[in-house]
Every structure is written in C-alpha cells, then in structure tokens.
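So the chains spell out like this:
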Amino acid sequence: MLPVERHRFITEILTQRGRILVQEVAQLCRISLETARRDLALLEKRGVLLRSHGGAVFTEHSAGEKTYVPSQIEQGESFRDRSNQSPDSKMRIAKRALQLINPGDCLLLDSSSTSWYLARQLPDIQLVVLTNSVQIIQTLSVKANVRTIGLGGEYSAKYEDFVGVLAEQMLKEFVINKLFFSCHGISHEGGIRESNEHHARLKQQMLLSSEHKILLADASKFGRRSFARICHYREIDTLITDHLEDEEFRQELAWSNVNVIEVSPSPLQKKTKNNRNGPFAAVNN
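All of these numbers come straight from a predicted model, not from anything done at the bench.

**Here we look at the pairing of strand β6 (residues 146-150)**
Where strand β5 (residues 127-131) meets β6, five bridges bridge the pair, whose relative direction is parallel. The partner of L127 across the bridge, within β6, is V146. In this region the chain leaves β5, passes through helix α7 (residues 134-140) and returns to the parallel neighbour β6; the handedness of that crossover is right-handed.

In structure tokens form, the structure reads like this:
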C-alpha cells in the first residue's frame, strides 16, 4: 500500500471510529510499527489527528485537507428509486443469473437493485455470499443455508450500503468464485461506469477479488453518461441483459470475449405488458 493510500485509509478509520492504535495501523496496512508511527506523526503535522499513547484520535481539520467527504457518496439515485425502475427486466435478468450459480459457490453481490433482485431469488442452498448491501443482508437472513458476510465501511442511508477503504480492504482477504454486479452506465466509448467515485472504486476491488465477473445490466444502462469509470468491458466475463440492440457494440463485446446473454420477455409477457392501463399499472413485489 502506497503512503498516500495508507494516509487515506487511516483518515477514514479515524473519521468513522474517532481513534486508532499504532498496532492496528501496522496490521491493517501491513507495515512495521515504526512506519505506522511515522505515518501518524505526518498526519498530526497536517492537522488530521492528535497522537496519544499507543495511537491517535481524530481532530477536525480544513476541508481542503479532508480526503473523504461523505456527502460525495450521495451522487446518484437512491436505492429505493432504483429498485422501482424496470422491475420486470431486472427480475428476468436475476432469474437467468441463477443458472450460473452452483451449491458451494462463494458469491459477491454489489449493492445494486438488480443484485437485490438476484438475492431474493437465491435458493436456500449451501452458499457463501459477501455483500455491502444492507437490503441484501436482510433478504438473505431468512435463508438458513446461505452464509452471509457483510462488508463494513462508510454507511450511506441513501444507497443503504457500505463503501470506502474498510470495505475495499476487507475484500482483499477473500477469493470469490463469482461476482454479480451492475452499473449506472455502459458504452463502447466509456466502458462500464458508476454515478460516483466511491462506488466505482469499491467495484474495482470487487473485480480484482473475483474469478468470474458477471455484469447485470438492463437496456436502460446502455449509452448512459456516468461520472466515474469502473472498468473496460473486456474485464468482465458475462453480460446478462434484457435487450442489446446495438449490433456494433455486440460485435465489440464478442471481440472482447464477453459472453452476452439476452433475456427478452416472451410474446405472452409482451402482450400482457401492452394491455396494462398506463405506466404505473405494474405492481412491484
């Protein structure tokens, strides 16, 4: 871990907990006690903390020096809003994703609403599921055979999830079979993107920690402009979507060895949907 990364990591822990021990810094950052003391001394000079016996405590400092601002996490739509968008498409995508899961798998689910739809469909079989989503943790709590591990960090009430250095650091301790995640936007020019840098950075670590990467993205995500880059689409293995009409993009995905799975509605489902009275006639369960 580079010094700047260590300093950001220490600052975030202090922001959340108010204090940290020298020994904790050494263990979490995998450095010597002497290096940990030097890091704390440097941060004290910057006004980030006050050193005490065996550790340090957090102190307020200028906004220009702050490396992690919780309000920046709030860029983008809330989880509640996203969970009510395209529910039929997300349910079809989730049901198709189930076919890629086997008993004994170690899964990683991000805090997207599509991953939540997947969690709701998971059978009660022997699985290990890691997630930063509070909603997914609550959903899986009733499944006796599913072992659920929550990723801690900075809590966002808007997104109902955890992000930040603590969550990223925790992911480095695991080897995960399959990652199921979504995004805010995807295009051939910009790759796979997120609405804010904190979720983008956490998803980058999710990709690094996982053997197989499966992107769950309904058609509304294609061509959407989004703030922060997660990765190039060549870094994923499978894309599950309800519809991909851009043939040029489909070809680019094929050249990048991305397996594209489409789950368009059946003719009967299309007919039923067209017969509904108005855009708000659908009932979301």
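Continuing now.
**Comments concerning the environment of S111**
Positionally, S111 belongs in the loop between β4 (106-109) and α6 (113-121). Judged by relative accessible area, S111 falls into the buried class, the value being 5%. In this structure S111 touches F79, R82, N132, S133, D161 and H199, once residues within four positions along its chain are discounted. A polar atom in the side chain of S111 sits 2.7 Å from the side chain of D161.

**Quick look at the pairing of strand β2 (residues 49-52)**
Alignment of β2 against strand β3 (residues 55-58), held across four bridges, turns out to be antiparallel. Across the sheet, residue L49 finds its bridge partner in β3, namely F58. Counted along the chain from β2 to the antiparallel partner β3, the turn is two residues long, and its residue G54 has a positive phi close to 85°.

**Overview of helix α3 (residues 33-45)**
In this model, α3 (13 residues) spans 19 Å end to end at C-alpha, consistent with the 18 Å of a helix rising 1.5 Å per residue. The secondary structure elements touched by the buried residues of α3 are α1 (3-17), α2 (22-29), β2 and β3.

**Examining the packing of α1 against α3**
Across the interface, α1 lies against α3 with an axial gap of 11 Å and an inter-helix angle of 70°. Considering their axes alone, α1 and α3 lie roughly perpendicular with respect to each other. Contacts between α1 and α3 involve R6, H7, I10 and T11 on the former and, on the latter, T35, D39, L40, L42 and L43. Split into classes, the residues belonging to the contact of α1 with α3 amount to four nonpolar, three polar and two charged.

**As for the packing of aromatic side chains**
For the structure shown, the criterion picks out five aromatic pairs. Plain terms: the ring middles of F79 and W116 are 5.5 Å apart, the flat faces sit at 70° to each other, and that makes the pair edge-to-face. Taken together, the residues F79 in helix α4 (residues 79-83) and W116 in helix α6 connect sequence positions 37 residues apart. An identical accessibility class is assigned to F79 and W116; each is buried. Taking the centre distance of 5.3 Å and the plane angle of 75° together, the rings of Y233 and F249 count as edge-to-face.

**Concerning the sheet that holds strand β11 (residues 191-194)**
The sheet built from three strands is open, its strands ordered β10-β11-β13 with antiparallel pairing. The open sheet has two free edges, formed respectively by β10 (185-187) and β13 (228-231), since each of these has just one partner strand. Ignoring strand direction, the axes of neighbouring strands in this sheet form an average angle of 35°. Where β11 lies against β13, three bridges are found, and the strand directions are antiparallel.

**A few points about the packing of helix α5 (residues 87-97) against α6**
Packed helix pairs are characterised by how far apart their axes lie and by the angle those axes make with each other. α6 packs onto α5 with a crossing angle of 55° between their chain directions and a minimal axis gap of 8 Å. What the angle tells us is that α5 and α6 run oblique. Helix-helix and strand crossings are classified by hand; for α5 and α6 the assignment is right-handed. Of the residues in α6, those touching α5 at P87, K90, M91, I93, A94, K95 and A97 are S113, T114, Y117, L118, R120 and Q121. A per-class count over the contact of α5 with α6 returns seven nonpolar, three polar and three charged.

**Some remarks on helix α10 (residues 247-255)**
For α10, the N-terminal cap is D246; the gap from its side-chain oxygen to the backbone nitrogen of E248 is 3.1 Å. Residue N257 follows α10 closely and has a positive phi angle near 60°.

**Considering unusual backbone geometry**
The phi torsion at S86 lies on the positive side, around 50°, for a residue other than glycine. Structurally, the position occupied by S86 is in the loop between α4 and α5. On the basis of relative accessibility, which here comes to 33%, the residue S86 falls in the partly exposed class. Notably, N257 is not glycine yet its phi reads approximately 60°, a positive angle. Within the secondary structure, N257 sits in the loop between α10 and β15 (259-262). For N257, a relative accessible area of 66% translates into the label exposed.

Conventions and cut-offs
- Residues numbered from 1 in each chain as written.
- Predicted model: local features only at pLDDT ≥ 70, side-chain atom pairs only at ≥ 80, totals over all residues.
- Heavy atoms only, no water.
- Pairing = 2+ DSSP bridges.
- Helix = DSSP H or I, 4+ residues; strand = E, 2+ residues; numbered from the N terminus.
- Right-handed = clockwise from strand over helix to strand, strands pointing away.
- Buried < 20%, exposed > 50% of the residue type's maximum accessible area, 1.4 Å probe, protein only.
- Contact = heavy atoms within 4.5 Å.
- Polar contact = N/O pair within 3.5 Å; in protein donor to acceptor, adjacent residues only side chain to side chain.
- Expected span 1.5 Å × (residues − 1).
- Axes fitted to C-alpha atoms, helices over the stretch in contact; angles between N-to-C directions.
- Parallel < 35°, antiparallel > 145°, perpendicular 65-115°, else oblique.
- Nonpolar A, V, L, I, M, F, W, Y, C, P; charged D, E, K, R; others polar.
- Phe/Tyr/Trp six-rings, centres within 6.5 Å; stacked < 30°, edge-to-face > 60°.
- Left-handed = near helix turned anticlockwise from the far one by under 90°.

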